[in-house]
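Now for the letters of each chain:
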Amino acid sequence: METKRLANLVAILLSFLAVGFISTQKDINTFGIFREKSYYFGNTFKLNWYKASEYCRTRGMFLVTINNDEQLNGVIEYIEKSGYTKTHDILHMWTSGNDLGEEGQFFCSSTGERLTFDRWTKNEPNNAMHDNCTYEHCVVLEYFRPWSINYTFDDRPCGANNFFMCETLYD
Ligand SMILES: [Ca+2]
Ligand SMILES: [Ca+2]
């Protein structure tokens, strides 16, 4: 009889441990969801690069960084999901990429990392001159269906108004 009671007690203890383990697993899942990246696609009004960056900060976010295939695919998926490209043939969208600090040395202002992802549109970046003394130092992700430009990078004048994307930096 004593042995049976002991066995029952052990079974009860084990089930408590199991519940504890399961709830720990659940906590990890909840935390995972909490840490998922979220985006804001600014496609209703255009801002210059500096203002777009500030606008993202007011939302607790940062101008989007695209520095590998995974980040690019996440951004494209979000744009496609928004339905934007169903009604528009063209998109120039600010990213955090820029060579403001040193000509030709591109960095991502949101993360501080060097922009190493080779995703430039043909003949870009070209640091083109605008208005005699303005050059191109800020990077857009561009899409232009008639020319089959399919989400590639182009340096553009930072003072020009474009759409933009913000993101949280949790990965
Ligand atoms: Ca430049
Ligand atoms: Ca350019």
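Note that the coordinates shown come from a computational prediction; the quantities given were computed from them, not determined experimentally.

(A) Layout of the overall build of the chain. A tally of regular secondary structure across the chain gives 4 helices and 9 strands. Secondary structure of the chain in N-to-C order comes out as α-β-α-β-α-α-β-β-β-β-β-β-β. Looking at the chain as a whole, 25% of its 171 residues are labelled buried. The long-range share in the chain, meaning contacts at least 24 apart out of those at least 6 apart in sequence, stands at 69%.

(B) Looking closely at helix H2 (residues 49-58). Of all the positions in H2, only Trp49, Ala52, Ser53 and Cys56 are classed as buried. Down the axis of H2, the buried side of the element spans an arc of 100°, and every buried residue falls inside it. In H2, the exposed residues that point more than 90 degrees away from the buried face are Glu54, Arg57 and Thr58. Where H2 is buried, its residues contact strand S1 (39-47), strand S2 (62-63), strand S3 (90-98), strand S7 (138-144) and strand S9 (162-167). Glycine 60, located one to two residues past H2, shows a positive phi value of around 75°.

(C) Fine view of the pairing of S3. Within S3, 7 of the 9 residues are buried, which leaves the element mostly enclosed by the surrounding structure. Direction of pairing for S3 relative to S7: antiparallel, over a ladder of 6 bridges. Counted as the bridge partner of asparagine 98 is cysteine 138 from S7. When S3 meets strand S4 (residues 107-108), the two strands line up antiparallel, connected through 2 bridges. Residue glycine 97 lies in a different strand from S4, and its bridge partner there is cysteine 108.

Parameters and conventions
- Residues numbered from 1 in each chain as written.
- Chains lettered and ligands numbered in written order.
- Predicted model: local features only at pLDDT ≥ 70, side-chain atom pairs only at ≥ 80, totals over all residues.
- Helix = DSSP H or I, 4+ residues; strand = E, 2+ residues; numbered from the N terminus.
- Buried ≥ 20, exposed ≤ 12 C-beta atoms within 10 Å, placed from the backbone.
- Contact = placed C-beta atoms within 7 Å.
- Arc of directions from axis to C-beta.
- Pairing = 2+ DSSP bridges.

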